[in-house]
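# Architecture and fold: a report
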Amino acid sequence: PLPPTQVAQLDLASLRLASLPSLLPFASLRRLFLRDNHLSSLPYGELPHTLETLDLRRNRLSALQETLDALSPLNALQELGLEENLFSSTGAALRMQVVGILVKTR
């Protein structure tokens, strides 16, 4: 197996994860798939800043501002999946909030 520093893609989908361990050892990680888990929050500062794609669809995330704060250090992020979580905003309203907050952090 590859050492964590050389892994570019990691699929942790559908593993019923309730929390996320630090993924900082995965210094080259570009694509992370976490859909269909039980995540209710994201740890601030524990995701590699190299992430370009992050799929968080169908989890239990509910605090939009807290989630976006955890994502704000991810300057390389180009694709973000947040659909089917527990946010009070949905659809176009959610997209506008996410885009507005992420643009402010860049």
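The following refers to the structure shown. Because the structure is predicted, anything quoted here is derived from the model rather than measured.

## Comments concerning the overall build of the protein
For the protein, the helix and strand inventory stands at two helices and four strands. Counting helices and strands in the order they occur from the N terminus, the protein gives β-β-β-α-β-α. Residues classed as buried in the protein amount to 38% of the 106 residues present. Considering only contacts within the protein whose residues lie at least 6 apart along the sequence, 39% involve residues at least 24 apart. Accessible surface, the protein as shown: approximately 6100 Å² in total, 54% of it carbon and sulfur.

## Overview of the nonpolar core
Grouped together as the largest cluster of nonpolar side chains are 24 residues, with contacts concentrated most on Leu 32, Leu 34, Leu 47, Leu 54, Leu 56 and Leu 71. With residues up to four places along the chain from it excluded, the contact list for Leu 32 reads Leu 10, Leu 12, Leu 23, Leu 47, Leu 51, Thr 53, Leu 54 and Asp 55.

## Let's talk about the pattern of salt bridges
Tallied over the entire structure, the rule returns five salt bridges. Notably, a salt bridge pairs Arg 57 with Asp 55, separated by 2.6 Å at the nearest N-O pair. The class of Arg 57 is partly exposed, set by a relative accessible area of 26%. A relative accessible area of 7% places Asp 55 in the buried class. The salt bridge partner of Glu 84 is Arg 58, with a shortest N-O separation of 3.8 Å. In this pair, Glu 84 is assigned in the loop between β4 (79–81) and α2 (91–105) and Arg 58 in the loop between β3 (53–55) and α1 (64–71), connecting sequence segments 26 residues apart. Taking the relative accessible area as the measure of exposure, Arg 58 reaches 30% and is therefore partly exposed.

## A closer look at the environment of Leu 56
Summarising the element assignment, Leu 56 is placed in the loop between β3 and α1. Residue classification places Leu 56 among the buried positions, given a relative accessible area of 0%. Separated by 24 residues in the primary sequence, Leu 56 and Leu 32 have C-alpha atoms spaced 8.8 Å apart.

## Some details on α1
Residues Leu 64, Thr 67, Leu 68, Ala 70 and Leu 71 constitute the buried set of α1. The buried residues of α1 occupy an angular sector of 155° when projected down its axis, which confines them to one face.

## A look at the environment of Thr 67
Tracing the backbone through its elements, the reader meets Thr 67 in helix α1. The residues touching Thr 67, leaving out its near neighbours within four places in the chain, are Leu 42, Leu 61, Leu 82 and Phe 87.

Quick notes on the rules
- Every chain is numbered independently, its residues counted from 1 as its sequence is written.
- Reporting in this predicted model follows two pLDDT cut-offs: at least 70 for local features of residues, and 80 or more for side-chain atom pairs to be given and counted; totals over whole chains, interfaces and linings ignore these cut-offs and use all residues.
- Note that water and hydrogens are dropped before the side-chain values are worked out from all heavy atoms of the structure.
- A run of H or I in DSSP counts as a helix once it spans at least four residues, and a run of E counts as a strand once it spans at least two, with each numbered from the N terminus.
- A simple rule labels every residue: compare its accessible area, found with a 1.4 Å probe on the protein chains alone, to the largest value its type can have, and call it buried under 20%, exposed over 50%, or partly exposed in between.
- Throughout, a contact is declared for two residues whenever any of their heavy atoms are within 4.5 Å.
- Note that accessible areas follow from Shrake-Rupley with a 1.4 Å probe, and for residues the cover is restricted to the protein chains shown.
- Here the nonpolar core consists of buried residues drawn from Ala, Val, Leu, Ile, Met, Phe, Trp, Tyr and Cys, with membership extended through side-chain atoms lying within 4.5 Å.
- The working definition used for a salt bridge is a side-chain nitrogen of Lys or Arg within 4 Å of a carboxyl oxygen of Asp or Glu.
- By construction, the arc corresponds to the directions joining the helix axis to the C-beta atoms.

Keep in mind these values describe shape, not function.
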